[in-house]
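In case you want the letters, here they are:
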Amino acid sequence: MTTKTIVSSATKTAIIGFDQPFCVIGERINPTGRKKLAAELEAGDFSTVEKDALAQVACGATVLDVNAGVVYNSNPNPNETEPPLMTAMIELVQGLVDVPLCIDSSVPAALEAGLKAAKGRPLVNSVTGEEERLEFVLPLVKKYDVPVVAISNDDTGISEDPDVRFSVAKKIVERAADYGIPAHDIVVDPLVMPIGAMATAGHQVFTLVRRLRDELGVNTTCGASNISFGLPNRHGINNAFLPMAAAAGMTSAIMNPCALPIGPKAIAEKREAVAAAGIILPEDMDDETFLTLFNLGSTQARPGKEMEAIRAANFLLNNDPSGADWIRFNRPAGAAGAESRRSSGGRRRRA
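Calculation criteria
- Residues numbered from 1 in each chain as written.
- Predicted model: local features only at pLDDT ≥ 70, side-chain atom pairs only at ≥ 80, totals over all residues.
- Heavy atoms only, no water.
- Helix = DSSP H or I, 4+ residues; strand = E, 2+ residues; numbered from the N terminus.
- Rg over C-alpha atoms; globule rule 2.2 N^0.38 Å.
- Buried < 20%, exposed > 50% of the residue type's maximum accessible area, 1.4 Å probe, protein only.
- Areas by Shrake-Rupley, 256 points an atom, 1.4 Å probe, with all protein chains shown as cover.
- Lys, Arg positive; Asp, Glu negative; His and termini not counted.
- Charge placed at Lys NZ, Arg CZ, Asp CG, Glu CD.
- Contact = heavy atoms within 4.5 Å.
- Phe/Tyr/Trp six-rings, centres within 6.5 Å; stacked < 30°, edge-to-face > 60°.
- Core = buried A, V, L, I, M, F, W, Y, C linked by side-chain atoms within 4.5 Å.
- Pairing = 2+ DSSP bridges.
- Axes fitted to C-alpha atoms, helices over the stretch in contact; angles between N-to-C directions.
- Parallel < 35°, antiparallel > 145°, perpendicular 65-115°, else oblique.
- Left-handed = near helix turned anticlockwise from the far one by under 90°.
- Nonpolar A, V, L, I, M, F, W, Y, C, P; charged D, E, K, R; others polar.

Things to note about the overall build of the chain
A count of helices and strands for the chain gives 13 helices and twelve strands. At 22 Å, the chain has a C-alpha radius of gyration in line with the 20 Å of a compact globule built from 351 residues. Viewed in the frame of its principal axes, the chain has a C-alpha envelope of about 70 × 50 × 50 Å. The buried share among the 351 residues of the chain stands at 46%. Counting only carbon and sulfur atoms, one obtains 54% of the accessible surface of the chain, whose full area is about 17,500 Å². For the chain, the distance from the average position of its 35 positive side-chain charges to the average position of its 42 negative side-chain charges is 9 Å.

Focus on helix 4 (residues 108-117)
A large share of helix 4 lies buried, amounting to seven of its ten residues. In this structure, the buried side of helix 4 is in contact with helix 3 (78-96), strand 5 (101-104), strand 6 (123-128) and helix 5 (131-144).

Brief notes about the packing of aromatic side chains
Each pair of aromatic rings is reported with the distance of its centres and the angle of its planes. Tallied over the entire structure, the rule returns three aromatic pairs. Measuring from ring centre to ring centre gives 5.9 Å for F206 and F241, while their planes differ by 25°; the resulting arrangement is stacked. Highlighted residues: F206 in helix 7 (residues 201-216) and F241 in helix 8 (residues 234-248), separated in sequence by 35 residues. Grouping residues by exposure puts F206 and F241 together as buried. For the ring pair W326 and F329, a centre distance of 6.4 Å and an interplane angle of 35° mean the geometry is tilted. Of the two residues, W326 and F329 are both situated in helix 12 (residues 324-329); the distance of three residues between them amounts to about one turn of the helix. Overall, the relative accessible area of 24% leaves F329 in the partly exposed class.

Considering the nonpolar core
Membership of the largest hydrophobic core comes to 50 residues, with the highest contact counts inside it found for L64, V93 and I186. When residues in this core are grouped by element, the largest group, six residues, is from helix 6 (residues 162-178). Those residues within four positions of I186 in sequence are excluded, and the remaining contacts are V148, A150, V173, A176, I181, V218 and N219. Judged by nonpolar contacts, the second largest core, of 23 residues, contains F206, A224, M250 and I310.

Digging into the side chain of E112
Considering the arrangement of structural elements, one finds E112 in helix 4. Since its relative accessible area comes to 18%, E112 is described here as buried.

A closer look at the sheet that holds strand 8 (residues 186-189)
If you trace the eight strands from one edge of the open sheet to the other, you get 9-8-7-6-5-4-3-10, paired in parallel fashion. Taken across any chain shown, the strands that pair with only one partner, and hence form the sheet edges, are strand 9 (219-220) and strand 10 (252-255). Two elements, strand 3 (residues 23-29) and strand 10, share four bridges in a ladder whose sense is parallel. Paired with C23 across the two strands is S252, which belongs to strand 10.

A word on the packing of helix 2 (residues 47-58) against helix 3
Closest axis-to-axis distance for the helix 2/helix 3 pair is 10 Å, and the angle between their directions is 45°. For the element pair helix 2 / helix 3, the angle class is oblique. Two packed elements cross with a definite hand, and for helix 2 against helix 3 that hand is right-handed. Where helix 2 abuts helix 3, its residues V49, E50, A53 and L54 lie against M89, L92, V93 and L96. Tallied by class, residues from the contact of helix 2 with helix 3 come to seven nonpolar, no polar and one charged.

The structure is reproduced here in structure tokens:
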């Protein structure tokens, strides 16, 4: 069985599928838990949105999630404030990058505003098994002919029992079929539980993903960082979880593709520690060279370790033919340009 979920922008198509490279849905354009971004959006400042859009695509995001869930201090009614903000954010982001978008909202009017503004065939995030949500979102999905993320909770809440979460997913797929929405346009989020709170969380999701693939024939996604919530070295857990999830059949994840840049304060502290260890460096060494020398990161956003793990998984699962993407990902900075010059015959002329 091969299931392919097609999402597109005005110029680019992304395919989520069992035999496709893992689809990375960039999560950063979301003010939830980001007070600075929320304040900026309320003030009409979209500079962080611009930076996050460009950085995530540069780091390898296949699709960008756009969430306008800001509760304004001046007007706490999201039914009034979120739809126009969603429209503005969608228009801005698709003017900056060419990847498909994922319209993310719990406000029905904001979802429709985003669908009206989006070019191509965006992904809708999301529908649940709750009756009210089903009755609004599924007709909207059918009207605009778009795929949708289906989250495995219903009116009873989120169950810790994986069989119950599977049943909710099955209910959504069946109800979608009643509206003429095919299974290949449903991307199920089986809900990843934090492993720090539930020791079986990893095993549960791998088993669930296999059932969703084999029994329902649907693609899957998740909030990847949920698995490591509240634990030290979250990247270490995420890096193991993502390839294991992909091997179980998961085909996408909503996640941050970027390693955040190292700021001036942290760089100054690291330079002091190096000096205290008796290591003498050239006085004119710039910050980027310093960080690279000690493998400490970068002053610029760059692909995170999770992206490295995903690309390795693509290669190992034969979704990266001949390892071309893996080789390209690991090529030293500047090598691509040198290769391009060689292949285009950029030789030095004789005098």
